[in-house]
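# Architecture at a glance
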Amino acid sequence: MSIRIGNSCVNCQSLTANEVCKVHAVKVSDNYTCDSFEMKASLKNDPNCSSCARFESSNCANPQKAAPGMLCSQWAPQNAQA
Ligand code: SF4
Ligand code: SF4
């Protein structure tokens, strides 16, 4: 199974402004994740190259084709922590 960089608490809709998880009621960080991860709706609704953490970086899977409005299976939300 590949390592996913987007499923961290920082991209989860259960993370509150003071970094407390609403599901577990403990302080978490962007290095954590769990089986209850739910991606923030704002991230889910606009997956394309311009919202991708890999855009214009050496990690982009399709650097020759990447452009705003395009999308590939390697999309990762911005603020993702590797
Ligand atoms: S611990 Fe799980 S449910 Fe809580 S914020 Fe992180 S990924 Fe979301
Ligand atoms: S081509 Fe894929 S990896 Fe590259 S920026 Fe677009 S969505 Fe991200």
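Our subject is the structure that appears above.
Within each chain, residues carry numbers counting from 1 in the order of the written sequence. Each chain is given a letter, starting from A, and each ligand a number, starting from 1, according to the order in which they appear as written. Local features in this predicted model are restricted to residues of pLDDT 70 or higher, and side-chain atom pairs are both shown and tallied only at a pLDDT of 80 or more, whereas totals for entire chains, interfaces and linings draw on every residue.

## A closer look at the overall build of the protein chain
Here is the rule: Only DSSP runs of H or I with at least four residues qualify as helices, and only runs of E with at least two residues qualify as strands; both kinds are numbered from the N terminus onward. Contacts here follow a simple rule: the backbone-placed C-beta atoms of the two residues must lie within 7 Å.
The number of helices and strands found in the protein chain is one helix and zero strands. Considering only contacts within the protein chain whose residues lie at least 6 apart along the sequence, 48% involve residues at least 24 apart.

## Considering the site of ligand 1
Quick note on the threshold: The criterion for a residue being near a molecule or strand is simple: its C-beta atom, placed using the backbone, must lie within 6 Å of it. By the convention adopted, Pro, Cys, Tyr, Trp, Phe, Met, Ile, Leu, Val and Ala count as nonpolar, Lys, Arg, Asp and Glu as charged, and the other residues, Gly among them, as polar.
For ligand 1, the set of nearby residues contains 13 residues, the closest of which are C9, C12, C21, C34 and F37. Here the residues of the shell around ligand 1 sort into nine nonpolar, four polar and no charged.

## Points about the site of ligand 2
With respect to spatial proximity, 13 residues lie near ligand 2, and among them C49, C52, C60, N62 and C72 are the closest. Here the residues of the shell around ligand 2 sort into ten nonpolar, two polar and one charged.

## Looking at unusual backbone geometry
One non-glycine residue, E19, lies in positive phi territory at about 65 degrees. Positionally, E19 belongs in the segment before α1 (41-44).

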